[in-house]
Amino acid sequence: MNKQIIKNSLLLIAMTSISFLVIWFGMMTIKENYFRNINKVERIDGQIESTEIIVTSKRAGAVPSATLKLKFLKIELKNSSIKLFTYNARQDYSELERNLERGTNVTVFYKKLKEEEVTNNIFRMDLGQQIILTDDNYKEKEYFAGTVMVLFGLFVLIFGGYTLKKKGLNKHW
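The following paragraphs examine the structure supplied in this document.

So, how was this worked out
- Residues numbered from 1 in each chain as written.
- Predicted model: local features only at pLDDT ≥ 70, side-chain atom pairs only at ≥ 80, totals over all residues.
- Heavy atoms only, no water.
- Helix = DSSP H or I, 4+ residues; strand = E, 2+ residues; numbered from the N terminus.
- Rg over C-alpha atoms; globule rule 2.2 N^0.38 Å.
- Buried < 20%, exposed > 50% of the residue type's maximum accessible area, 1.4 Å probe, protein only.
- Core = buried A, V, L, I, M, F, W, Y, C linked by side-chain atoms within 4.5 Å.
- Contact = heavy atoms within 4.5 Å.
- Expected span 1.5 Å × (residues − 1).
- Phe/Tyr/Trp six-rings, centres within 6.5 Å; stacked < 30°, edge-to-face > 60°.
- Pairing = 2+ DSSP bridges.

To continue, consider the overall build of the protein. Along its length, the protein carries three helices and six strands. Taking 173 residues into account, the globule formula puts the C-alpha radius of gyration at 16 Å, and the protein, at 22 Å, lies well above it. Taken along its principal axes, the extent of the C-alpha atoms in the protein is 75 × 35 × 25 Å. Burial analysis of the protein (173 residues in total) assigns 31% to the buried set.

What follows is about the nonpolar core. It is characteristic of soluble globular proteins that their nonpolar side chains tend to be buried jointly. Among the nonpolar cores identified, the biggest contains 17 residues, and Ile75, Leu84, Leu100, Val106, Val108 and Met125 are the most heavily contacted of them. Not counting residues up to four positions away in its chain, the partners in contact with Leu84 are Ile44, Leu73, Lys74, Ile75, Leu77, Val108, Tyr110, Asn121 and Ile122.

The next subject is helix α1 (residues 3–34). The end-to-end C-alpha distance of α1, which contains 32 residues, comes to 46 Å, matching closely the 46 Å that a straight helix rising 1.5 Å per residue would cover. Burial in α1 covers these residues: Asn8, Met15, Ser19, Val22, Ile23, Gly26, Thr29 and Asn33. Contacts made by the buried residues of α1 are with α3 (135–166).

Further remarks concern the packing of aromatic side chains. What the rule picks out here adds up to two aromatic pairs. Ring centres of Trp24 and Phe25 lie 5.2 Å apart, and the angle between their planes is 65°; on these two criteria the pair is classed as edge-to-face. For Phe25, a relative accessible area of 42% corresponds to the partly exposed category. For the pair Phe155 and Phe159, a centre-to-centre distance of 5.8 Å together with 15° between the ring planes defines the contact as stacked. In this pair, Phe155 and Phe159 both sit in helix α3, four residues apart, roughly one turn of the helix. With a relative accessible area of 47%, Phe159 lands in the partly exposed category.

This paragraph deals with the pairing of strand β4 (residues 105–110). Burial of β4 is extensive: five of the six residues sit out of reach of the surface. Here β4 runs beside strand β5 (residues 122–127); their pairing, made up of four bridges, is antiparallel. By the bridge assignment, Phe109 is partnered in β5 with Arg124.

A separate point is α3. Helix length check: α3 (32 residues) gives 46 Å between terminal C-alpha atoms against 46 Å at 1.5 Å per residue, within 8%. Listed as buried for α3 are Asp135, Tyr138, Lys139, Gly146, Val150, Gly153, Val156, Gly160 and Leu164. For α3, the elements touching its buried residues are α1, β5 and β6 (130–133).

Attention now moves to the pairing of β5. Across the six residues of β5, six count as buried, placing the element largely inside the fold. Here three bridges tie β5 to β6, and the two strands are oriented antiparallel to one another. What sits directly across from Met125, in β6, is Leu133. Hairpin connection, β5 to β6: the antiparallel pair is bridged by two residues, and Gly128 has positive phi, about 70°.

Turning to the environment of Met15, a few remarks are in order. Of note, Met15 is situated in helix α1. Those residues in contact with Met15 that sit more than four places away from it in its chain are Val156, Leu157, Gly160, Gly161 and Leu164.

Shown next as structure tokens:
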């Protein structure tokens with residue numbers, strides 16, 4: 001058996017597997033957000049004990065020196081050990097902090113996080129009858145992430161096919 005045939009076969013299998021995996025995760029992200037019923041997620045009512053801005057550094061891609069500094073707003077409620085975080089792409093939390101003074105009663109719809117994980121887990125926040133943080137903000141971010149994953153998967157699939165065609169797939173198959 002020709003080595004080139006084996007290389008082409010492995011490239012085709014790897015490219016297809018990675019593409020479909022990334023596309024599948026992207027579709028699941030989009031589906032999860034499209035069908036989410038806000039009344040069926042975790043919910044907590046409480047008084048705000050504290051709010052603070054947390055700055056985290058995350059690796060950006062494969063280059064170790066490339067990092068992103070992200071700001072999250074951390075909210076702690078009295079009589080609760082649950083840490084709640086929200087993320088704003090503009091990194092501006094001034095309006096939200098004005099509404100979330102110490103002692104204010106809020107209702108928070110959220111998803112549970114692993115211990116010490118800092119990520120966006122608030123779907124919606126109500127201050128009395130007023131919604132101060134909508135689940136539309138969360139959905140937009142998740143739709144964007146899901147769409148990017150699907151497009152990246154398609155790109156890998158198309159680029160891999162183009163590479164195999166350029167290498168002369170028919171000659172060595």
